[in-house]
Each structure stands twice: as structure tokens, then as C-alpha cells.
Number of protein chains: 2
Amino acid sequence: MNKSGMLIVISGFSGVGKGTVVKKLVERYDYSLSVSATTRAPRPGETDGVDYHFKTVKEFQNLIDYNGFIEWAQYVENYYGTPKKFVEDELAKGNNVILEIEVQGAMHIKEQYPDAVLIFITAPNAQTLKERLEGRGTEDAKVISKRLKRAFEETDDMVQYDYLVVNDDIDVCVDDIHSVIQAESFKTSRNAEYTDNMKFELEVIRKTYN
Amino acid sequence: MNKSGMLIVISGFSGVGKGTVVKKLVERYDYSLSVSATTRAPRPGETDGVDYHFKTVKEFQNLIDYNGFIEWAQYVENYYGTPKKFVEDELAKGNNVILEIEVQGAMHIKEQYPDAVLIFITAPNAQTLKERLEGRGTEDAKVISKRLKRAFEETDDMVQYDYLVVNDDIDVCVDDIHSVIQAESFKTSRNAEYTDNMKFELEVIRKTYN
């Protein structure tokens, strides 16, 4: 059946736990995880090539000039981008590639790769999301208020995605995302080669049958 | 999330084992199976209301007149139809309804229920399908030749379906179909109520947050 790899874009509400979900997803199943490039400094415990590809501004701009990103953006003072070569090499090998990326990047990906599957991780309901944004109760009201404003804005983005998967129980969420990717691989539109072969071979068999 | 039931239409190549797949699917998971009505005589071992709703021609025609079917067709001398009331009652209750039906019926369903999910069960390849159509080698060449012709014609129908699921191992096939149905329930387009609620509730929480 479907031999070519699929591009899977995963976003979600801030604080919904998408980092952990993606980590478990690639641990449990056979997906290729794209690692973003950034100009921001590594934080303690972060490893180059695992958490990010850390680049200087000059290196990053050079990559932009040479069309080295499938999408890139600037946040605050730093650049973030998705390296093109890794993604295209993996897709060509027939591997499914996971991108964990924010919404603007996701929309750019969809324009360039209309077959990309866009998955948004959400909370069971608004109350649960609020509780997660409040964290352990150590943040001040101003920080939480800002997070709630951002979550409200993210509801507009949410409807741009193909699938909404709830992160209530993390293991269920991981398996649900895997189900979505599996199901996408069964789409008739992704299996033209299979249907063409089936038709051709059945015609041959039928004609030679005695 | 998605509260309304989905209509799942399952077809497949003759001889591909779709009857067994559907039987296992409704045994293993919580789906409502639609039972077709027919005017043909019960075969030994068939139970009214389980295998079919057996009807006289007069009863069947009366149901046609009263718009009692979501689709019906005549094959050879017999009528076959999908009773409307059962399907609509189950969908209203939020249950997912499985219809095992041939391709013409499936196309009629898709016209009336554009949200219906159409799944076609296929074989791993043409050679395997040929071997299944040959059966236990007791049929004569003419019968098998006729079956191969029909399979070839069915390849044109196959591409009308949303998903193609291979029946190689029956348990895998059943779980793959279940994955497809699960994934469909996560589609953003099926969850407008959830996204509207999320947006509304987050706005309320944000405004009242102090």
C-alpha cells in the first residue's frame, strides 16, 4: 500500500503537554522527528542536534538565502526554522516525519505540502486547560491572565487543523495520534499506485485465465 | 468531543472476506450494525432480523412508497434495501452505524449523507485475490473467470471510497477499520460544537479571571 512518507504537523494549546506527547510518540512508534534550527542560546541540559540545531544568526541567514528551510520565523529576537533536507530525505525514504511546530509554521507547511496531516492537541475542556495554565499555583495572576489570552487566541488556530486530539490521558493521546496517522495512510487518495497496479494485474490475470 | 454518530459504509471485493470482517468488527467494538431488508427467501440457517429482514414483495414495495429505505436496489429477481428508521435512530443516539453494502448502494448513501465514511476492503495484491476467488479448487474455470471479470470491474468502484483497508490478517484488518473510524471522529470538521464551546468558555474564564 502507501509507500511514500507522510508529513505530520503537530501543534496544540500552550501548556497542553504536546512536547511530552511527541516525545512518547516517537519513542513508541517508528516516526522520524524533525529537529528545528534556532539562533537562541542552548538552555542547560539541551543538546545540539537533539533539542535543536543551534546556529549563529549568520549561519541561519545563510540557510534562509540557500532555501534551506521549509518554513522559518522570528520570535522575539530569535529565529526558528524547519530544515528542508531532513524532511525531504525522510519522505523520499518512505518514512513518516513528525514536526512539532506552532500554528503559523503549520499553515506555511500546509501551503507547500497540501498532503501534510495537521493535528492539534487540545484539552478535554476549557476548565482543564485553565488549571494546566495555572500550573502549580506559583505563577502570579498577570502571567496566567496572559496565558489565558493566548489560549483564547489559539482557538482560532485550532479550526485550521485536520484533526483535534484530546490530551487527557497521555498514553491514550499518543495512541490516538498514531491511529490518525495510520488511518491517513489508508486513504484512497494516498494509494493511487496500489489501485493502478491492482487494476492492471487483475486485467492481466483475467486475460490469461484459462 | 464528537457526539453525533457516524455512518460507516463497508464494501469490498467479492471473496475478500468482508462478511467475516464486519462480523468481528461489531463483536469486538461498540458499533450498531444495520440489517438489510430483502425479498429473497431465507437460506438454511438464516434468521429474520439478524441476517436480513425478510419481506414479501408487497411489503417491500410499500416501504419504498413510504420512503422507508435510505437506498434500495433490485438484483436478479430480488429487492435489497437499507431501512431508514434504524439508521437515523442510531445516529441520533450518537451511535456509529455500520452498513455492509455493495458499491451502487454506497454511492447513493454518500449522496444523501456526505459525512458518511466509505471503506473498501481489498486484498494485499491481485494474485491473492485470484487465489481467494479460485476457492478450494472445486469450481469450474467458467465460474472463476466470471468472478475475475467482476473483480476487475470492482477496481473502478474501489477508487470511489475514502479508505482502502487490506484484509491480509483478519484481526489486523478489523483493528485497522476501527482505527479509521476513530480517526474520523477526531476530524475538526466533525467537532464544531467542541471548538465553539472551547472558544466560548475560554472567553468567559479569561474575562472573569482576577
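Conventions and cut-offs
Residues numbered from 1 in each chain as written. Chains lettered and ligands numbered in written order. Predicted model: local features only at pLDDT ≥ 70, side-chain atom pairs only at ≥ 80, totals over all residues. Heavy atoms only, no water. Helix = DSSP H or I, 4+ residues; strand = E, 2+ residues; numbered from the N terminus. Buried < 20%, exposed > 50% of the residue type's maximum accessible area, 1.4 Å probe, protein only. Contact = heavy atoms within 4.5 Å. Lys, Arg positive; Asp, Glu negative; His and termini not counted. Charge placed at Lys NZ, Arg CZ, Asp CG, Glu CD. Axes fitted to C-alpha atoms, helices over the stretch in contact; angles between N-to-C directions. Parallel < 35°, antiparallel > 145°, perpendicular 65-115°, else oblique. Left-handed = near helix turned anticlockwise from the far one by under 90°. Expected span 1.5 Å × (residues − 1). Polar contact = N/O pair within 3.5 Å; in protein donor to acceptor, adjacent residues only side chain to side chain. Least-squares fit on C-alpha atoms with pLDDT ≥ 70 in both. Salt bridge = Lys/Arg side-chain N within 4 Å of Asp/Glu carboxyl O. pLDDT = per-residue confidence, 0-100. Buried area = accessible area lost by both parts, 1.4 Å probe. Nonpolar A, V, L, I, M, F, W, Y, C, P; charged D, E, K, R; others polar.

A. Layout of the overall build of chain A. Secondary structure summary: chain A contains 8 helices and 9 strands in total. Along the first, second and third principal axes, the C-alpha set of chain A runs to 80 × 45 × 30 Å. Taking all 210 residues of chain A together, 47% fall into the buried category. The long-range share in chain A, meaning contacts at least 24 apart out of those at least 6 apart in sequence, stands at 66%. Charge-centre separation for chain A: the mean point of 26 positive side chains lies 1 Å from the mean point of 35 negative side chains.

B. View of the packing of helix α6 (residues 141–158) of chain A against helix α8 (residues 192–208) of chain B. In contact at an axis separation of 9 Å, α6 of chain A and α8 of chain B are set at 160 degrees when each is read in the N-to-C sense. Overall, the two elements α6 of chain A and α8 of chain B adopt an arrangement that is roughly antiparallel. In this structure, α6 of chain A crosses over α8 of chain B, and the sense of that crossing is left-handed. Residue-level inspection shows Leu148, Lys149, Ala151, Phe152, Thr155, Asp156 and Met158 of chain A of α6 of chain A in contact with α8 of chain B, the latter providing Tyr194, Thr195, Met198, Lys199, Leu202, Glu203, Ile205 and Arg206 of chain B.

C. A look at helix α7 (residues 170–185) of chain A. Residues and elements named next belong to chain A. Across its 16 residues, α7 extends 23 Å between first and last C-alpha, which sits within 8% of the 22 Å expected from 1.5 Å per residue. Among all positions in α7, only Cys173, Val174, Asp176, Ile177, His178, Ser179, Val180, Ile181, Ala183, Glu184 and Ser185 are buried. In this structure Asp169 caps α7, since a side-chain oxygen of it lies 2.9 Å from the backbone nitrogen of Asp171.

D. Region of the structure containing the relation of the copies chain B and chain A. Between chain B and chain A, the superposition needs a rotation of 180 degrees and an axial shift of 0.0 Å, giving an RMSD of 0.0 Å. The superposition of one copy onto the other is thereby described by a two-fold rotation axis. Considering only C-alpha atoms, the part of chain B nearest the rotation axis is Ser179 of chain B, at 2.6 Å. A symmetric contact is evident, with 100% of the interface residues of chain B recurring at the interface of chain A.

E. Highlighting the environment of Thr82 of chain A. Residue and element names in this part refer to chain A. Within the fold, Thr82 resides in strand β6 (residues 78–83). Along the sequence, Thr82 and Gly68 sit 14 residues apart, while their C-alpha atoms lie 8.4 Å from each other. Sequence-distant contacts of Thr82, defined by excluding residues within four places in its chain, comprise Ser34, Gly68, Phe69, Ile70, Glu71, Val87, Leu99 and Ile101. A distance of 2.6 Å separates polar atoms of two side chains, one belonging to Thr82 and the other to Glu71.

F. How the structure looks around the pattern of salt bridges. Residues and elements named next belong to chain A. Inspection of every chain in the model, using the stated rule, returns 32 salt bridges over all chains. Across the pair Asp162 and Lys110 runs a salt bridge, and its minimum N-O distance is 3.5 Å. In this pair, Asp162 sits in the loop between α6 and β9 (163–166) while Lys110 sits in helix α4 (residues 103–112), placing the two residues 52 residues apart along the sequence. Residue Asp162 is classed as partly exposed on the basis of its relative accessible area, which comes to 25%. For the salt bridge of Arg206 with Glu203, the shortest nitrogen-to-oxygen distance reads 3.2 Å. Of this pair, Arg206 and Glu203 both sit in helix α8 (residues 192–208), 3 residues apart, roughly one helical turn. In the salt-bridge network here, residues are joined through shared partners; they are Lys24, Arg28, Asp171 and Asp175.

G. Highlighting the confidence of the model for chain A. Counting all residues, the mean pLDDT for chain A is 92, and 98% of those residues have values of 70 or more. Here the prediction assigns the complex a pTM of 0.92, and the interface score ipTM is 0.91.

H. Just the interface of chain B and chain A, in detail. With 48 residues of chain B in contact, the opposing surface of chain A contributes 48 residues. A buried area of about 4,300 Å², summed over both sides, lies between chain B and chain A, and 72% of it is on carbon and sulfur atoms. If you look at where chain B meets chain A, you find 2 salt bridges. Between Lys199 of chain B and Asp156 of chain A there is a salt bridge; the shortest N-O distance is 2.2 Å. At the surface where chain B touches chain A, the tally comes to 14 residue pairs in polar contact (both at pLDDT 80 or more). Here the element with the most residues in the side of chain B that touches chain A is helix α6 (residues 141–158) of chain B; it accounts for 10 residues. Residue composition of the side of chain B that touches chain A, grouped by class: 26 nonpolar, 11 polar and 11 charged.

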